[in-house]
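# Residue-level structural notes
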Amino acid sequence: MAMTLAEPKVKVDRAWQMYIDGKFVDGGSVRELINPADGKVLCKVQEGTAEHAKKAIDAARKAFDEGPWRTTSASDRAAMLFKIADKIDENAEELATLETMNGGKPLREARYDMADAAQCFRYYAGLATKPSGQTVEVPAPSVTSIVREPIGVCGQIIPWNFPMLMAAWKLAPALAAGNTCVMKPSEYTPLSVIRLAELLHEVGLPEGVVNIVLGAGPTVGLPIAESTKVDKIAFTGSVKTGKVIAQAALTNLKKVTLELGGKSPMVVFSDFDVDIAVDYALFGIYCNAGQVCSAGSRIVVDEKIHDEFVKKMAERAKKIQVGPGLDADTEMGPLVSEAQYNRVLEYIEVGKKEGAKLLCGGTRAEGKNLEGGYYVAPTIFSNTKPEMRIVQEEIFGPVVVIQKFSDEKEAIALANDSQFGLAGAVFTNDITRANRVVKAIRAGITWVNGYHSTFNECPWGGYKQSGWGRELGTFGLDAYTEVKQININLEPVAVEWFKN
Ligand code: NAI
Ligand code: MG
């Protein structure tokens, strides 16, 4: 197979700055970003301090309290969001290439993310102008209307696995509702988000409405979560950091939404076509090299088809083309960073020590063009026990564990034996069984006979330790609004509660 690397059409050797109060600014320190495909320095990015977070918060505060954004009409905000969506589409190839160069994901996945991000802005542009309040019939002489208003300044801390998409999921509903934002992308993958800030600037978003601060979590993220001038914090990332954010938000009891990790089960019954189930299982775990919050990282399979299933899955996993994301032949890219690469390889060692059976992978991926990059071979463990760490903990890499069941009751018990509850799936042709099992799965996102399909129109978020609240859909807009009831007294005569 030809392994010709596409010439990147995007120049990364340029200034990459923060965006505060409508200006692109330096932060005083510089981080070298590493290209995960070869371990070499990709470019340099400006990073700031708590002082920059404070400036960004002040700018967002001013833009909310004094600026026009929150009082613009919903249709004007919608028009702005439509423009942003068009800009993303116009620049999609550049943005996708940046995403691949920075985070490592195959270009075909990055292209998909860009289309999805544009669509997210369009969805919330449409929703901005739709009816959102209610009137309630209360005893006369009152009438009551219920309206939704923006929360205020929103802190938004996002991870490295879907930088552009996570930025869209957070900015689009926040802006549609009339909030202002301070966003901190991951220190590993800020490039597409900085480029997005440049596009926001080009379309004329008023200054201070969106601010982007750059740097490590404890340095510039925590001050946002702690600030009493921030009204809401939205976070996507690990459970551990999510708990830090929730604690920090207590300073002023800011509103909190958290989208955290998972260990999502795919339950496969014996009546379902094994080859199709294997196909979804591969997609469920190896897409974005397993660095997906909703990854199908546990396969709970009927003992009647277990051996056939694992044999077929291992055969196909071994054939996955691992390589640099810019290579047109690549099906699975590197992990995002050396830290994540080491973390995943450590989990593989844990799995071996725990006594699980390694069916394939378990090492660094071998092949052409892989030198220096953070490549892990697609890995499958069978013969697992529910209490094993590799079954309970989020690995966030191309590693899947197989669990075996003998009846539906056991399948459900295994599926729900988790601290997480983000996603889950059931594969069966039996419609009543499908309904029973999918309802029994304790998770916020579930699929029947499919995996990973995600719609801007539908709520996203988890049960249990997978988080608080929901993003996307009308729920995602609600999460960026306060609810106000307005009572109007139609007979303002003296109430005479006190006689004198
Ligand atoms: P992380 O949760 O620490 O990082 C996510 C974001 O939080 C980044 O922007 C980071 O700079 C920021 N952050 C980190 N510490 C912070 C703090 N003290 N205050 C404020 N912001 C902070 O995730 P990390 O360490 O990069 O990855 C570790 C594991 O987390 C992964 O192996 C995976 O299991 C999980 N993870 C889950 C994600 C998801 O989409 N659910 C995304 C990224 C990681
Ligand atoms: Mg961390």
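This structure is a prediction, so every number in the text was calculated from the model and none was measured.

## Remarks on the overall build of the chain
- A count of helical and extended segments in the chain gives 15 helices and 22 strands.
- The globule rule puts the C-alpha radius of gyration for 500 residues at 23 Å, and the 24 Å found for the chain is close to it.
- Residues counted as buried form 56% of the 500 residues belonging to the chain.
- Considering only residue pairs separated by 6 or more positions, the chain has 74% of its internal contacts joining residues 24 or more positions apart.
- Accessible area of the chain: about 21200 Å², with a carbon and sulfur share of 53%.

## Describing the sheet that holds strand E13 (residues 298–302)
- Here we have seven strands laid out as an open sheet, ordered E14-E15-E16-E13-E12-E18-E19, and mixed in their pairing. A single partner strand is all that each edge strand has here, and the edge strands are strand E14 (357–360) and strand E19 (445–448). Direction aside, neighbouring strands of the sheet carry axes that sit 20° apart on average.
- With three bridges connecting them, strand E15 (residues 379–382) and strand E16 (residues 399–405) associate as parallel partners. When the bridges of E16 are listed, isoleucine 380 appears paired with valine 400.
- Running at roughly 165° to E19, helix H14 (residues 431–440) makes contact with strand E18 (423–427) and E19 of the sheet.

## Here's the deal with the site of ligand 1
- Neighbouring residues of ligand 1: 27 residues in total, closest Trp160, Glu187, Ser238, Arg343 and Glu394.
- In this structure, an oxygen atom belonging to ligand 1 sits 2.6 Å away from a side-chain N or O atom of glutamate 187.
- Going through the elements one at a time, helix H7 (217–226), strand E10 (232–236), helix H8 (239–248) and helix H11 (338–354) are the ones with two or more residues in the shell around ligand 1.
- The element contributing the most residues to the shell around ligand 1 is H7, with four residues.
- Residue composition of the shell around ligand 1, by class: 13 nonpolar, 10 polar and four charged.
- Residue-level mapping places the shell around ligand 1 at the junction of two domains, with at least three residues from each of domain 1 (18–260 + 466–485) and domain 2 (265–448).

## Let's talk about the domain arrangement of the chain
- Here the chain is described as being made up of domain 1 (18–260 + 466–485) and domain 2 (265–448).
- Here the C-alpha centroids of domain 1 and domain 2 sit 31 Å apart.
- Taken together, the 25 residues of domain 1 in the interface contact 29 residues of domain 2.
- Between domain 1 and domain 2, the buried area comes to about 2000 Å², and carbon and sulfur atoms account for 60% of it.
- Taken as a group, Pro36, Trp160 and Ser466 account for 25% of the area that domain 1 buries against domain 2, more than any other trio of residues on that side.
- One can count zero salt bridges joining domain 1 with domain 2.
- Where domain 1 packs against domain 2, one counts nine residue pairs in polar contact (both at pLDDT 80 or more).
- Broken down by secondary-structure element, the contributors of at least two residues to the side of domain 1 that touches domain 2 are helix H3 (92–103) and helix H4 (107–128).

## Some words on a nonpolar patch on the surface
- On the surface, a nonpolar cluster with roughly 320 Å² of combined accessible area is contributed by Val143, Ile486, Ile488 and Leu490.
- Within the secondary structure, isoleucine 488 is located in strand E22 (residues 481–489).

## Description of the sheet that holds E22
- Taken in spatial order, the three strands of this open sheet run E5-E6-E22, and their pairing is antiparallel. Looking at which strands have only one partner, the edges of the open sheet turn out to be strand E5 (134–136) and E22. Across this sheet, the average inter-strand angle for adjacent strands is 25°, counted without regard to direction.
- Here strand E6 (residues 142–150) pairs with E22 via nine bridges, running antiparallel.

## So, the nonpolar core
- Judged by nonpolar contacts, the single largest core of 149 residues is most densely connected at Tyr124, Tyr286, Ile299, Phe309 and Met313.
- Formed jointly, this core draws a minimum of three residues from each of two domains, domain 1 (18–260 + 466–485) and domain 2 (265–448).
- Every residue in contact with tyrosine 286, bar those within four places of it in the chain, is listed here: Met313, Ala317, Ile320, Met332, Pro378, Thr379, Ile380, Pro398 and Val400.
- Grouped together as the second largest cluster of nonpolar side chains are 13 residues, Val267, Val300, Phe405 and Val426 included.

## Details of the pairing of strand E12 (residues 265–268)
- Burial of the side chains of E12 extends over both faces: Pro265 and Val267 are buried on one face and Met266 and Val268 on the other.
- The sheet contact formed by E12 and E13 spans four bridges and is parallel. Bridge assignment links methionine 266 to a residue of E13, and that residue is isoleucine 299.
- With helix H9 (residues 274–286) bridging E12 and the parallel E13, this β-α-β connection has right-handed handedness.
- Here three bridges tie E12 to E18, and the two strands are oriented parallel to one another. Across the sheet, residue valine 268 finds its bridge partner in E18, namely phenylalanine 427.

## Quick word on the packing of helix H2 (residues 74–90) against helix H5 (residues 163–176)
- Orientation of H2 relative to H5, taken along the N-to-C sense of each, is 165°, at an axis distance of 10 Å. Classified by the interaxial angle, the pair formed by H2 and H5 is roughly antiparallel. The crossing of H2 and H5 is right-handed. Facing H2, whose interface residues are Arg77, Leu81 and Ile88, H5 presents Met164, Ala172, Leu175 and Ala176.
- Grouping the amino acids of the contact of H2 with H5 by side-chain chemistry returns six nonpolar, no polar and one charged.

## With respect to H9
- Relative to the 18 Å expected for 13 residues at 1.5 Å per residue, H9 spans 18 Å between its end C-alpha atoms, a close match to the ideal helical length.
- Packing partners of the buried residues in H9 comprise E12, E13, helix H10 (306–318), E15 and E16.
- Where H9 starts, the residue carrying a side-chain oxygen 2.9 Å from the main-chain nitrogen of aspartate 275 turns out to be aspartate 273.
- Asparagine 288, located one to two residues past H9, shows a positive phi value of around 50°.

Thresholds, definitions, all that
Residues numbered from 1 in each chain as written. Chains lettered and ligands numbered in written order. Predicted model: local features only at pLDDT ≥ 70, side-chain atom pairs only at ≥ 80, totals over all residues. Heavy atoms only, no water. Helix = DSSP H or I, 4+ residues; strand = E, 2+ residues; numbered from the N terminus. Rg over C-alpha atoms; globule rule 2.2 N^0.38 Å. Buried < 20%, exposed > 50% of the residue type's maximum accessible area, 1.4 Å probe, protein only. Contact = heavy atoms within 4.5 Å. Areas by Shrake-Rupley, 256 points an atom, 1.4 Å probe, with all protein chains shown as cover. Pairing = 2+ DSSP bridges. Axes fitted to C-alpha atoms, helices over the stretch in contact; angles between N-to-C directions. Near = heavy atom within 4 Å. Polar contact = N/O pair within 3.5 Å; in protein donor to acceptor, adjacent residues only side chain to side chain. Nonpolar A, V, L, I, M, F, W, Y, C, P; charged D, E, K, R; others polar. Domains from an automatic or database assignment. Buried area = accessible area lost by both parts, 1.4 Å probe. Salt bridge = Lys/Arg side-chain N within 4 Å of Asp/Glu carboxyl O. Patch = residues over 30% accessible without salt bridge, like charges linked within 9 Å, V, L, I, M, F, W, Y side chains within 5 Å. Core = buried A, V, L, I, M, F, W, Y, C linked by side-chain atoms within 4.5 Å. Right-handed = clockwise from strand over helix to strand, strands pointing away. Parallel < 35°, antiparallel > 145°, perpendicular 65-115°, else oblique. Left-handed = near helix turned anticlockwise from the far one by under 90°. Expected span 1.5 Å × (residues − 1).

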